[in-house]
Amino acid sequence: MLVRVVSPVILLLAALLPSSVAAADPPLLEGVVGTNDAFVINLVDATGAKVTHLDAGTYRILVHDRSAEHNFHLDGPGVNQSTDIEGIGDVTWTVTFTDGIYGYQCDPHAATMRGRFAVGTAQLPPPTANLNGRIGPGRTISVRDANGAKATILNNVTTIRLTVTDRSKTDNFHLTGKGVNRATGIRYRGRVVWNLSVSPGVYRFRSDRHPSLRGSFSITAAGYRAG
Ligand SMILES: [Cu+2]
C-alpha cells in the first residue's frame, strides 16, 4: 500500500511563509455579457482595457452573465469554460493560459458576439488581409498575399482588401464565396480594389470564359467554437 508522506519540515516552512507569498492571487480579468440584454460581450483587464494580449500564466476570470438570453464562453488551448444561457449571475473561473489564440463568445449569437486575444508568443493576425488577385497575361490566375505567397488559409480574417489586376481581354477574374460575388468584365483590362467582408468558408476564383482557370482559398476561425 502506498502512503503519501509529507515531511514535517516542509509543513513548517509553508507555515512560516508570509501569506502574501504563499497565496498570491492570480491577476483578475472581468468578462461581461448581456448588460440590459444588449448583444454585447467583453473581456477586460484590471484597468478596464479590452484584453488583446496576455502573458502566459494563471488568471482569475470574474464573469458577469447579466442576461437569460446570452452566455459567456471562453475557449482555447487547455481552457473551455462557459456559463448557462438561461442562467444569470457572477462566477469566477481560475484558468491557465498558454501560448496561443483564445476566444470568447456568446454561443447563440457567436456570429456577432465574440472576441479574441493572444497569449504569450502568439499574436493576433490583422483582421484585414491584403491580397492581390491576378488574371493574365496568358492563361494564368492567382491570389497571393502581400509577400507573394499563394493564399491558401487565412485565419481569423474578417475583411479582405483584394487588389485585382486583370491583364486579359479574353478572361475575367470572378470571386465567389459566403457573402461575396464580384467579377471584372471579360474584356476589361485594368486594376480594381475590392473591400470584402468575409466569413469562415471557402472562396473560389475563376475565369468565366475558361473554367479550368481557377483556384481557391479558405477563411478559418481558430479560437472560436464551431457553430
Ligand atoms: Cu447572445
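Reading the values: rules and limits
- Residues numbered from 1 in each chain as written.
- Predicted model: local features only at pLDDT ≥ 70, side-chain atom pairs only at ≥ 80, totals over all residues.
- Heavy atoms only, no water.
- Helix = DSSP H or I, 4+ residues; strand = E, 2+ residues; numbered from the N terminus.
- Buried < 20%, exposed > 50% of the residue type's maximum accessible area, 1.4 Å probe, protein only.
- Contact = heavy atoms within 4.5 Å.
- Areas by Shrake-Rupley, 256 points an atom, 1.4 Å probe, with all protein chains shown as cover.
- Phe/Tyr/Trp six-rings, centres within 6.5 Å; stacked < 30°, edge-to-face > 60°.
- Pairing = 2+ DSSP bridges.
- Axes fitted to C-alpha atoms, helices over the stretch in contact; angles between N-to-C directions.

A.B. asks: Any chance you could explain the overall build of the protein chain here in plain terms?
C.D. replies: If you tally the helices and strands in the protein chain, you get two helices and 18 strands. In the protein chain, which comprises 227 residues, the share counted as buried stands at 35%. Expressed as a percentage of contacts within the protein chain between residues at least 6 apart in sequence, the contacts between residues at least 24 apart total 58%. Accessible surface, the protein chain as shown: approximately 13000 Å² in total, 53% of it carbon and sulfur.

A.B. asks: Any chance you could explain the packing of aromatic side chains here in plain terms?
C.D. replies: Aromatic ring pairs are described here by two measures, namely the spacing of the ring centres and the angle between the planes. The tally for this structure, following the rule as stated, stands at 11 aromatic pairs. Relative to tyrosine 102, the ring of phenylalanine 97 has its centre 4.7 Å away and its plane inclined at 70°; by these criteria the two rings are edge-to-face. For the ring pair phenylalanine 97 and phenylalanine 117, a centre distance of 5.4 Å and an interplane angle of 75° mean the geometry is edge-to-face. In this pair, phenylalanine 97 sits in strand S7 (residues 89-97) while phenylalanine 117 sits in strand S9 (residues 114-119), placing the two residues 20 residues apart along the sequence. The two residues phenylalanine 97 and phenylalanine 117 agree in class, both being buried. An aromatic cluster of at least three residues, connected via ring pairs, comprises Tyr59, Phe72, Trp93, Phe97, Tyr102, Tyr104 and Phe117.

A.B. asks: Before we go on, may I ask you to explain the sheet that holds strand S10 (residues 128-135) in this structure?
C.D. replies: Pairing between the strands of a sheet is mediated by backbone hydrogen bonds and can be parallel or antiparallel. Pairing is mixed in the open sheet, where four strands are placed in the order S11-S10-S13-S16. The two strands at the open ends of the sheet, each matched to only one other strand, are strand S11 (141-145) and strand S16 (190-197). Along the sheet, successive strands turn relative to each other by an average axial angle of 20°, direction set aside. The sheet contact formed by strand S13 (residues 159-166) and S16 spans eight bridges and is antiparallel. Its bridge partner being in S16, valine 164 is matched across the sheet by valine 192.

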